[in-house]
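# Remarks on the overall topology
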Amino acid sequence: MKFSAQEEFGLRCLLQLARAESNGLTIPEISRLESLSQPHVAKLMSILRKEGFVKSTRGHIGGYTLARPVNDIHIAQVLEALGGRLYDEEFCGRHTGHLPICTHAVDCSVRSLWQVLQDAVDSALRDLTLEQMLEAKTNVTLFDTPRRAVEVS
């Protein structure tokens, strides 16, 4: 299972804005801080703005700031906005092989695996906020059950 570069870089750009607090950052500043091209940062900021995570201000003192408080920005929502879910209902329709429908449409063992993984990801990331990621400089610990911790670095 992999997260896309867009999800990784978009989340990193959002974290930079959160660290800048109300001062905000410009595309060139984010580009420099994250070592990304300015067009790439502009694309990511456009997605994050359309999804309501950041707001932009035009002009020579313009730039980007967070549109919501850091404790109101949930990582699951950010990742979904940047790349979508790992598994959704249309997944099986995109992986049919040479046929119009999957040969395992009725009894699919693989579909249940993807659903279990999606549920685990949703559970782990649903309550994780940008604020928590900022507070945990190196690791964030998520508890998926009272007995087992999942480390996210």
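Refer to the preceding data block for the structure.
Report on the accompanying structure. Here the residue numbers are simple positions, counted from 1 along each chain's written sequence. Owing to the predicted nature of the model, reporting of local features is limited to residues with pLDDT of at least 70; listing and counting of side-chain atom pairs is limited to 80 or more, with chain, interface and lining totals taken over all residues. Note that water and hydrogens are dropped before the side-chain values are worked out from all heavy atoms of the structure.

### Considerations on the overall build of the chain
Inclusion rule: Secondary structure follows DSSP: runs of H or I at least 4 residues long count as helices, runs of E at least 2 residues long count as strands, and numbering of each begins at the N terminus. The rule is simple: take the accessible area with a 1.4 Å probe, protein chains only, and divide by the maximum for that residue type; under 20% is buried, over 50% is exposed, in between is partly exposed. Two residues qualify as a contact provided that any one of their heavy atoms is within 4.5 Å of a heavy atom in the partner residue. All accessible-area figures derive from a Shrake-Rupley calculation using a 1.4 Å probe, and residue coverage is judged against the displayed protein chains alone.
In terms of regular secondary structure, the chain is built from seven helices and four strands. Scored against the burial criterion, the 153 residues of the chain give a buried share of 34%. Considering only contacts within the chain whose residues lie at least 6 apart along the sequence, 57% involve residues at least 24 apart. Element-wise, carbon and sulfur atoms account for 53% of the exposed surface of the chain, whose accessible area totals about 10,000 Å².

### A short note on the side chain of Glu7
Among the structural elements, Glu7 can be located in helix α1 (residues 5-20). Those residues in contact with Glu7 that lie beyond four places of it in its chain are Leu79, Leu82, Gly83 and Gly84.

### Considerations on helix α2 (residues 27-34)
Rules: In this description, one arc is meant: the one made by directions from the helix axis to the C-beta atoms.
Ile27, Ile30, Ser31 and Glu34 are the residues of α2 that are buried. The arc that holds the buried residues of α2, viewed along the axis, is 105°, so those residues lie on one side. Looking at the buried residues of α2, the elements they touch are α1, α3 (38-50) and β2 (63-66). After α2 finishes, the residue Ser35 shows a positive phi value of roughly 55°.

### Some points on the pattern of salt bridges
The line we're drawing: Any carboxyl oxygen of Asp or Glu within 4 Å of a side-chain nitrogen of Lys or Arg constitutes a salt bridge here.
Counted under the stated rule, the structure contains three salt bridges. For Glu8, the salt bridge goes to Arg12, with nearest N and O atoms at 3.6 Å. With Glu8 and Arg12 both in helix α1, this residue pair falls four residues apart, about one helical turn. The partly exposed category is assigned to Glu8, whose relative accessible area is 41%.

### Side note on the nonpolar core
Keep this limit in mind: The nonpolar core is taken to be a set of buried Ala, Val, Leu, Ile, Met, Phe, Trp, Tyr and Cys residues, with the residues joined through side-chain atoms within 4.5 Å.
Ranked by internal contacts, the top residues of the largest apolar core, which has 31 residues, are Leu14 and Leu130. No other element matches α1, which puts eight residues into this core. The contacts of Leu14, once residues within four sequence positions are left out, are Leu48, Phe53, Val54, Leu66, Ile73, Val78 and Leu130.

### Considering the pairing of strand β1 (residues 54-57)
Let me state the cut-off plainly: Pairing between two strands is assigned when DSSP locates at least 2 bridges connecting them.
Judged from the four bridges that link them, β1 and β2 form a sheet pairing that is antiparallel. Within β2, the position partnered with Ser56 by the bridge is Tyr64. In sequence, β1 turns back onto β2 through a hairpin of five residues, with Gly59 there showing a positive phi of about 105°.

### Considering the packing of α2 against α3
The criterion, for reference: An axis is simply a line fitted to the C-alpha atoms; with a helix, the fit covers only the stretch in contact. Between two such axes, the angle follows the N-to-C directions and lies from 0 to 180 degrees. Note on terminology: angles under 35 degrees are roughly parallel, angles over 145 are roughly antiparallel, angles of 65 to 115 are roughly perpendicular, and the others are oblique. Working rule for handedness: look at the near helix, and if it is turned counterclockwise from the far one by less than a right angle, call the crossing left-handed; if clockwise, right-handed.
Contact geometry of α2 with α3 gives a least axis separation of 9 Å together with a crossing angle of 110°. Looking at the two axes, α2 sits roughly perpendicular to α3. Crossing handedness for the pair α2 and α3: right-handed. Residue-level inspection shows Ile27, Pro28, Ile30 and Ser31 of α2 in contact with α3, the latter providing Gln38, Val41, Ala42 and Met45.

### With respect to the packing of α3 against helix α4 (residues 75-83)
Helix-helix packing: each pair is described by the crossing angle between the helix axes and the interaxial distance. For clarity, the cut-off: All amino acids are sorted into three groups, where Ala, Val, Leu, Ile, Met, Phe, Trp, Tyr, Cys and Pro are nonpolar, Asp, Glu, Lys and Arg are charged, and the leftover types, Gly among them, are polar.
Packing of α3 against α4 leaves a shortest axis separation of 10 Å and a crossing angle of 120°. The angle between the axes of α3 and α4 places the two elements in the oblique class. In the crossing of α3 with α4, the sense of the turn from one axis to the other is right-handed. Facing α3, whose interface residues are Leu44, Ile47 and Leu48, α4 presents Val78, Ala81 and Leu82. For the contact of α3 with α4, the class distribution of residues is six nonpolar, no polar and no charged.

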